[in-house]
Amino acid sequence: MTLSAQLWSENADITAEVLANPFVRGIGDGTLARELFAGYIAQDAFFLESFARAYALALARSTDTETLLTFADLLAGVREELGLHAGYAASWGIDMAGVTPGAATLAYTEFLLATAATGGLGEVCAAMTPCMRLYAHIGSQLDVGTAGPYAQWVQTYADPGFEEVAALLERLLDRLGNDSPAIRRAYRRAMRLELEFFSAAYGA
């Protein structure tokens, strides 16, 4: 079993909590209150900008061409995702200017940026992979047909293209990481922060 597959398997308890989270369930059945989704989109856009900065820090610290180019591709993927959020903001009337990050958002972004600035590249990948893998998993588990106004969101993360990007980051983790306590801590911490991010979006 690869390192990324092992870490994903070992954190199945948090994955189950995420899928059972009322915010995620509300997206899946289309019942989530519109204002909660709007607040989430604004917070997620702030998060994604920090995610992009973490990729950029890792790119700058890359020691070989393959790693550098892979981080560049992953950074381009964040740009596409931010474009999706901008589309939501325009069509839903969400004010993205001057977003004040919530406590859960700050906890997550500060963890990512600190890891990207000071951790080894394997640890950086371990901190960033859960976001990508969880969203791809959520997309595969929710039903576009029942998501109602959130069908586009579900489709985005269910798309094979998003799965490919998640797998790209996992391959980088497998190549740069090792089965160490630091890698395990970074991965589980990111999984827990993802859950807390969804809970905060629901107001829980």
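For the structure itself, consult the block above.
From a predicted model like this one, the values you see are computed outputs, not experimental measurements.

Conventions adopted
Residues numbered from 1 in each chain as written. Predicted model: local features only at pLDDT ≥ 70, side-chain atom pairs only at ≥ 80, totals over all residues. Heavy atoms only, no water. Helix = DSSP H or I, 4+ residues; strand = E, 2+ residues; numbered from the N terminus. Rg over C-alpha atoms; globule rule 2.2 N^0.38 Å. Buried < 20%, exposed > 50% of the residue type's maximum accessible area, 1.4 Å probe, protein only. Contact = heavy atoms within 4.5 Å. Areas by Shrake-Rupley, 256 points an atom, 1.4 Å probe, with all protein chains shown as cover. 1 Å grid on protein atoms, 1.4 Å probe; cavity = no way out; pocket = protein on both sides within 12 Å on 5 of 7 lines; lining within 4 Å. Points joined across faces, edges and corners; volume = space filled by probe spheres on them. Nonpolar A, V, L, I, M, F, W, Y, C, P; charged D, E, K, R; others polar. Arc of directions from axis to C-beta. Disulfide = S-S within 2.5 Å. Axes fitted to C-alpha atoms, helices over the stretch in contact; angles between N-to-C directions. Parallel < 35°, antiparallel > 145°, perpendicular 65-115°, else oblique. Left-handed = near helix turned anticlockwise from the far one by under 90°. Phe/Tyr/Trp six-rings, centres within 6.5 Å; stacked < 30°, edge-to-face > 60°.

Draft legend 1. Structural view of the overall build of the protein chain. Scanning the protein chain for helices and strands turns up ten helices and zero strands. For the protein chain, the sequential pattern of α-helices and β-strands runs α-α-α-α-α-α-α-α-α-α. A compact globule built from 204 residues should have a C-alpha radius of gyration of about 17 Å, and the protein chain, at 16 Å, falls within 12% of that. Overall, the protein chain is about 45 × 35 × 30 Å in size when its C-alpha atoms are taken along their principal axes. Counting only residues that meet the buried cut, the protein chain has 48% of its 204 residues in that class. If you take every contact in the protein chain between residues at least 6 apart in sequence, the share linking residues at least 24 apart comes to 83%. Only carbon and sulfur atoms are counted for the fraction: they give 56% of the accessible area of the protein chain, which is about 8900 Å².

Draft legend 2. Representation of the layout of surface pockets. Roughly 270 Å³ of volume is contained in the largest pocket. Lining the largest pocket are 13 residues; nearest its centre among them are G77, E80, G161, F162 and V165. Elements with a minimum of two residues in the lining of the largest pocket: α5 (65-92), α8 (151-158) and α9 (160-176). Ranked by the residues each element gives to the lining of the largest pocket, the list is headed by α5, at six residues. Across the lining of the largest pocket, the residue classes break down as six nonpolar, four polar and three charged.

Draft legend 3. Here's a closer look at helix α1 (residues 3-10). Restricting attention to buried positions, one finds in α1 the residues L3, S4, L7 and W8. Along α1, the residues classed as buried sweep out an arc of 130° about the axis, all on the same side. Residues of α1 that are buried sit in contact with α2 (12-20), α7 (121-141), α9 and α10 (181-202).

Draft legend 4. Quick look at the state of the cysteines. Applying the stated criterion to the full structure yields zero disulfides. C131 takes part in no disulfide bond, and the closest cysteine sulfur to it belongs to C125, at a distance of 13 Å.

Draft legend 5. The packing of α7 against α8, seen in detail. The N-to-C vectors of α7 and α8 enclose an angle of 120°; their axes lie 7 Å apart at closest approach. One element, α7, and the other, α8, form an angle in the oblique class. Crossing geometry of α7 relative to α8 is assigned as left-handed. Seen from α7, the contacting residues are Y135, A136, I138, G139 and S140; seen from α8, they are W153, V154, Y157 and A158. Grouping the constituent residues of the contact of α7 with α8 by class yields seven nonpolar, two polar and no charged.

Draft legend 6. Local environment of the packing of aromatic side chains. A complete count under the given rule lists 17 aromatic pairs for this structure. Between Y40 and F197, the ring centres sit 6.0 Å apart and the planes meet at 65°, which makes this aromatic pair edge-to-face. Residue Y40 is located in helix α4 (residues 34-60), and its partner F197 is located in helix α10; the two are separated by 157 residues in the primary sequence. The two residues Y40 and F197 agree in class, both being buried. Geometrically, the ring pair formed by F47 and F197 is tilted, given 6.0 Å between the ring centres and 45° between the ring planes.

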